[in-house]
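Read off the chains here:
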Amino acid sequence: MPVKESEAIVLRSFPLGEGDRLVSFLDRQSGRVKGVAKGARLSKSRFGSTLELLSYIRIWYFERETRDLVRINQCELIESFMDLQSDYASGVSLALISEITEAVLGEKEPADPQFRLLLLTARAIRTHGALPAVLAYFTLWTARLGGWLGPLDRCSRCGRFVEFEELFTSSGSSELSCADCRDAWLKPISKVSLSFGRKALSGTLGRLLKDEAPLEASAEILSYGLDVIEYHIEKKLISRTMLTTGASGSVEIESKE
């Protein structure tokens, strides 16, 4: 039973038994993996704080073909995001991107692009805070990597290129219709929001954040991206219920009280 060594990001961890932890992590080489960290909850645990939410770690673990869970042997912390948990908005945003990543990825399917996207987004939340632009970038790229997102600049029905018009969609559908093809019950997405979405998908997150992102537009396209993801994973995101859109169009975090 050879030991595997890889970089990983902790997605979730749960108490198991009297002193162990059940850990879901994104292995950079092997994809999403679940394992048991023996004694991780004991006061003198060798794991320390390496198994906290979104910890970027180097991990060593054993895997047997006949078992679903691997045995985590050792972790070394590369980068921690535990300090962001003291800010409620940032903490909820980290929980959201972690929940989405775990929901969209199958077990043990290589997912290096998602690994890099998750780490990039967590670092952006540390630097810029829980901005709707950061979360919108993450959700749009997650939907694109999943193969669920169509072009944001053309009608899916007639194929007409649309750049300076609003488009229309139904909740959960990635298909967009122009004003000529729309059904009466479809809801609009503004041309400013679509422009922001196209910009997010055509460049880097750093370049996107250099310009002052319109709050209402980034919040609207974030909602669109989350709808698409929820439709394809066939369940509601728990962390999303703590996100609300304020009057200014910014994404706010509901109070814990």
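Described in the following lines is the structure provided in the data block.

### Section: helix H4 (residues 191–202)
Reasoning step 1: Taking 1.5 Å per residue, twelve residues should reach 16 Å; H4 reaches 16 Å between its end C-alpha atoms and fits that length.
Reasoning step 2: Inspection of H4 places Ser-193, Leu-194, Phe-196, Gly-197, Arg-198, Ala-200 and Leu-201 among the buried residues, and these make up the whole buried set.

### Thoughts on the side chain of Gln-114
Reasoning step 1: You can see Gln-114 is positioned in helix H2 (residues 112–128).
Reasoning step 2: For Gln-114, a relative accessible area of 17% puts it in the buried group.
Reasoning step 3: Apart from residues no more than four positions distant in its own chain, Gln-114 is found in contact with Leu-26, Leu-105 and Leu-145.

### Thoughts on the pattern of salt bridges
Reasoning step 1: Tallied over the entire structure, the rule returns 20 salt bridges.
Reasoning step 2: Here Glu-63 makes a salt bridge to Lys-108, at a shortest N to O gap of 2.6 Å. Residue Glu-63 is found in the loop between strand S4 (56–62) and strand S5 (70–79), and its partner Lys-108 is found in the loop between helix H1 (88–104) and H2; the two are separated by 45 residues along the sequence.
Reasoning step 3: The class for Glu-63 is partly exposed, based on a relative accessible area of 22%.
Reasoning step 4: A relative accessible area of 34% places Lys-108 in the partly exposed class.
Reasoning step 5: Residue Arg-240 pairs with Asp-227 through a salt bridge whose shortest N-O separation is 2.9 Å. Taken together, the positions of Arg-240 in the loop between helix H6 (215–233) and strand S8 (243–245) and Asp-227 in helix H6 put the pair 13 residues apart, joining distant regions of the chain.

### What to know about the packing of aromatic side chains
Reasoning step 1: Going through the model one piece at a time under the given rule, you end up with three aromatic pairs.
Reasoning step 2: Between Phe-25 and Tyr-61, the aromatic rings sit 5.4 Å apart at their centres with planes inclined by 65 degrees, giving edge-to-face as the arrangement. Here Phe-25, found in strand S2 (residues 20–27), pairs with Tyr-61, found in strand S4; they are 36 residues apart in sequence, far enough to count as distant. Tyr-61 shares its class with Phe-25; the two are buried.
Reasoning step 3: Both rings, one in Tyr-56 and one in Phe-115, keep their centres 6.0 Å apart while their planes meet at 70 degrees; by these two values the pair is edge-to-face. In this pair, Tyr-56 sits in strand S4 while Phe-115 sits in helix H2, placing the two residues 59 residues apart along the sequence. The pair formed by Tyr-56 and Phe-115 is uniform in burial state, with each residue classed as buried.
Reasoning step 4: Arg-144 extends its terminal NZ or CZ atom over the ring of Trp-141, reaching a point 5.2 Å from the ring centre.

### Considerations on the nonpolar core
Nonpolar side chains tend toward joint burial in soluble globular proteins.
Reasoning step 1: Leu-54, Leu-94, Ile-97, Leu-118, Phe-196 and Tyr-224 are the most contacted members of the largest nonpolar core, which has 57 residues in total.
Reasoning step 2: Those elements that place two or more of their residues in this core are strand S1 (3–16), H1, H2, helix H3 (132–145), H4, helix H5 (205–210) and H6.
Reasoning step 3: The leading source of residues in this core is H3, at nine residues.
Reasoning step 4: Not counting the four nearest positions on each side in its chain, Ile-97 is found in contact with Leu-54, Leu-118, Thr-121, Ala-122, Ile-125, Leu-135 and Phe-138.

### Digging into the environment of Thr-101
Reasoning step 1: Looking at the element boundaries, Thr-101 is found in helix H1.
Reasoning step 2: The exposure class assigned to Thr-101 is buried, which follows from its relative accessible area of 4%.
Reasoning step 3: Here the alpha-carbon distance between Thr-101 and Leu-118, two residues 17 residues apart in the chain, equals 7.7 Å.
Reasoning step 4: Contacts of Thr-101, omitting those with residues within four sequence positions, involve Leu-11, Leu-26, Leu-118 and Phe-138.

### Re the sheet that holds S2
Reasoning step 1: Here we have five strands rolled up into a closed barrel, ordered S1-S2-S3-S5-S4, and mixed in their pairing. Within the sheet, the average angular offset between the axes of one strand and its neighbour, ignoring direction, is 50 degrees.
Reasoning step 2: Pairing between strand S3 (residues 31–37) and S5: three bridges, direction parallel. Bridge assignment links Val-36 to a residue of S5, and that residue is Arg-71.
Reasoning step 3: Seen against the sheet, H2 touches S1, S2, S4 and S5 and runs at an angle of roughly 60 degrees to S1.

### Examining H3
Reasoning step 1: The end-to-end C-alpha separation of H3 is 20 Å, in line with the 20 Å expected for 14 residues at 1.5 Å each.
Reasoning step 2: The buried fraction of H3 is high, at twelve of 14 residues.
Reasoning step 3: Of the residues making up H3, those classed as buried are Pro-132, Ala-133, Val-134, Leu-135, Ala-136, Tyr-137, Phe-138, Thr-139, Leu-140, Trp-141, Thr-142 and Ala-143.

### Focus on the pairing of S3
Reasoning step 1: S3 sits mainly inside the fold: six of its seven residues count as buried.
Reasoning step 2: Pairing analysis gives seven bridges linking S2 to S3, with the strands arranged antiparallel. Following the sheet pairing, Leu-26 is matched in S3 by Arg-32.

About the thresholds
Residues numbered from 1 in each chain as written. Predicted model: local features only at pLDDT ≥ 70, side-chain atom pairs only at ≥ 80, totals over all residues. Heavy atoms only, no water. Helix = DSSP H or I, 4+ residues; strand = E, 2+ residues; numbered from the N terminus. Expected span 1.5 Å × (residues − 1). Buried < 20%, exposed > 50% of the residue type's maximum accessible area, 1.4 Å probe, protein only. Contact = heavy atoms within 4.5 Å. Salt bridge = Lys/Arg side-chain N within 4 Å of Asp/Glu carboxyl O. Phe/Tyr/Trp six-rings, centres within 6.5 Å; stacked < 30°, edge-to-face > 60°. Lys NZ or Arg CZ within 6 Å of the ring centre and 35° of its normal. Core = buried A, V, L, I, M, F, W, Y, C linked by side-chain atoms within 4.5 Å. Pairing = 2+ DSSP bridges. Axes fitted to C-alpha atoms, helices over the stretch in contact; angles between N-to-C directions.

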